[in-house]
Amino acid sequence: SRERPEEAASRSVVCLSSLCPPSASVQVQVEPVGRWFEAYVKRRNRNASASFQELEEEEESSEESDDEEFQLEEYSVLRTLDPKDWKNQDHYAVLGLPHLRYKATQKQIKAAHKLIVLKHHPDKRKAAGEQIVEGDNDYFTCITKAIEVLSDPVKRRAFDSVDPTFDNAVPSKSEGKENFFDVFTAVFERNARWSSKKHVPKLGTIESSFEEVDNFYSFWYNFDSWREFSYLDEEEKEKAECRDERRWIEKQNRASRAQRKKEEMNRIRTLVDTAYSCDPRIKKFKEEEKAKKESEKKAKAEAKKREQEERERARQAELEAARLAKEKEEEEAKQAAQQAKKEKEIQKKAIKKERQKLRTTCKNWNYFADNEADSVKMMEEVEKLCDRLELTSLQSLNEVLASGSKEESKAAVDKQVQEVNAQLQREREAEVQARQAARSAEQASGGGGGGGKGWTEEDLQLLIKAVNLFPAGTNARWEVIANYMNLHSTSGMKRTAKDVINKAKNLQRLDPLQKDEINKKAFEKFKKEHASVAPSIDNAVPSERFDGSDGNAAPWTTEEQKLLEQALKTYPVSTPERWEKIAAAVPGRSKKDCMKRYKELVEMVKAKKAAQEQVAAKSKK
């Protein structure tokens, strides 16, 4: 017989005489390696001399004997199962493992299959005289399908995902609030089997810490489920007749699996949301967090209040210090003012004394004159000296007068009179020069070119009218005003934009009384021109012509102008007795006044448009 390799390797010394000639027979030391070394170690530990294969068979038989110790539950309806409906059967119950289900090991499944095959195999039953259904219609086919599904890890995983005995129910909020931990602990432990991660956190107790509770809900809100629903596919792609049909079946199956997966994740999310809303620990943590925030808010408010009080105290202290400093400064200023006032009074008295002394001395010398006229003239000069000389000059002059003779005193007085008169002359010349310079500057600012020539009152009135007619914001305003003046001026002078700008600036610097004088002259001229025109007989319809009344010759105010414009909008041309209604809407104005003003406004608008069009034409050129 052929010797096994492991038995040959188990010996530490091997005789190689069969391989060598008899004369060269030797002994060689051999070390076991690999699985032979493992068998050697096991034999040595067990004090056995069996081979490695025999040990493996012994271990398998011992494990099978251990697995045979578990209790099988006979499936009462096994013989009545429909082999064609094998997909809807409970494979664990068919093999007698309904109590173990997904916890059953492969060895237990194989052992259960072995036992149930020994009992329900068709040959066994046929030998016992039982009637056997031929082909796949016998219920033994259900056993074959059960072991086929449960022995394949992929198929078993698919069947476990749709375990018919699994409870997918989610407790309601009312159930959870009554007894939260008893209700939800079992539900989460039941659903933990679907987790892709091995270590699933427990629900815990009422004493669990915030970190444990947060970790639990974080895990379940990010739950990763391995549960899939390929077992429920309605179509089997192996039955497809062509590739297109197989692709269509795969597409349909993927869509149904995705829908069921979505429903499963929604179920898990509903479970976690319900538990979170009913968890008394969450409520407790929220109350603690709220109390903590309230305390922090209160502490913050108190700190802010203290800070405000500190700032207020500091501000009051600063105000008090500023008040004291101000009072001190005012007191010092008051004392300085009093001291200055005293010094001023002293100086005033001294000046008054020196002036009186000068007058008395000059009077005693008869004002150094021989006749009455010279005496009066010298008296005026002495008074001039008293008004113009300072205290030191008066004192020096009085000293000379007191110590000198009449001739010396007269010479001293004449000298001072000459100096004072020379100073007065210089001041008058400086004033005249300043006036001339101001007049020259005013004339120079009147503009060059045509603006250098004189502006008549009519030109000034026309300029004021144009400035009011074309307000700020008008396109090319000053060119338009200059063009308007050139069109309506009777002086024949051509004004440029620079001329009218300079003259407008000069008018702005004028005294308001001068402006009023210019406007008054313009109005008087207007009144005179209109009064000189002979009244013409008008027999037209009163509603469209002036009536015979003289009207109100006063200028129109801004308020009357607004009322007139509003009345013109309110009563259009088609309104009967239009001008009577417009005159009634403007208090103090007659029908004739309103019509005249309307005509003036129309002329002004036309002139304004003509000036603007002319400026626009020039700019295009």
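The coordinates are above.
Residues numbered from 1 in each chain as written. Predicted model: local features only at pLDDT ≥ 70, side-chain atom pairs only at ≥ 80, totals over all residues. Heavy atoms only, no water.

(A) Highlighting the state of the cysteines. Across all of its chains, the model carries zero disulfides by this definition. For C362, which is in no disulfide, the shortest distance to another cysteine sulfur is to C386 and amounts to 7.7 Å. (Disulfide = S-S within 2.5 Å.)

(B) A nonpolar patch on the surface, seen in detail. A contiguous nonpolar patch, built from V26, V28 and V30 and spanning about 200 Å² of accessible area, is present on the exposed surface. Of note, V28 is situated in strand 2 (residues 27–29). Residue classification places V28 among the partly exposed residues on the basis of a relative accessible area of 36%. (Patch = residues over 30% accessible without salt bridge, like charges linked within 9 Å, V, L, I, M, F, W, Y side chains within 5 Å. Areas by Shrake-Rupley, 256 points an atom, 1.4 Å probe, with all protein chains shown as cover. Salt bridge = Lys/Arg side-chain N within 4 Å of Asp/Glu carboxyl O. Helix = DSSP H or I, 4+ residues; strand = E, 2+ residues; numbered from the N terminus. Buried < 20%, exposed > 50% of the residue type's maximum accessible area, 1.4 Å probe, protein only.)

(C) Looking closely at the packing of helix 10 (residues 180–191) against helix 12 (residues 243–278). Taken N-terminus to C-terminus, the directions of helix 10 and helix 12 make an angle of 155°; their axes are 11 Å apart at the nearest point. Taken as axis vectors, helix 10 and helix 12 run roughly antiparallel relative to one another. The hand of the helix 10/helix 12 crossing is left-handed. Residues F180, F184, V187, F188 and N191 of helix 10 touch helix 12, and the partners they reach there are R267, I268, L271, V272, T274, A275 and C278. For the contact of helix 10 with helix 12, the per-class residue count stands at nine nonpolar, two polar and one charged. (Axes fitted to C-alpha atoms, helices over the stretch in contact; angles between N-to-C directions. Parallel < 35°, antiparallel > 145°, perpendicular 65-115°, else oblique. Left-handed = near helix turned anticlockwise from the far one by under 90°. Contact = heavy atoms within 4.5 Å. Nonpolar A, V, L, I, M, F, W, Y, C, P; charged D, E, K, R; others polar.)

(D) Representation of the nonpolar core within the structure. Ranked by internal contacts, the top residues of the largest apolar core, which has 24 residues, are L78, L95, I109, I143 and L150. In terms of residue count, the dominant contributor to this core is helix 7 (residues 140–150) (seven residues). Ranked by size, the runner-up nonpolar core spans 23 residues in total, among them F188, W226, A275 and C278. (Core = buried A, V, L, I, M, F, W, Y, C linked by side-chain atoms within 4.5 Å.)

(E) View of unusual backbone geometry. Backbone geometry places R101, a non-glycine residue, at a positive phi of 50°. Tracing the backbone through its elements, the reader meets R101 in the loop between helix 4 (91–94) and helix 5 (106–120). Phi is positive for Y367, which is not a glycine, with a value near 55°. Residue placement: Y367 occurs in the loop between helix 13 (280–364) and helix 14 (372–388).

(F) The arrangement of the pattern of salt bridges in detail. Counted by the stated rule, this structure contains 28 salt bridges. One salt bridge in this structure joins D90 and R101, with 2.9 Å as the shortest N-O distance. Of the two residues, D90 sits in the loop between helix 3 (52–67) and helix 4 while R101 sits in the loop between helix 4 and helix 5, which places them eleven residues apart along the sequence. Like D90, the residue R101 is buried in the burial classification.

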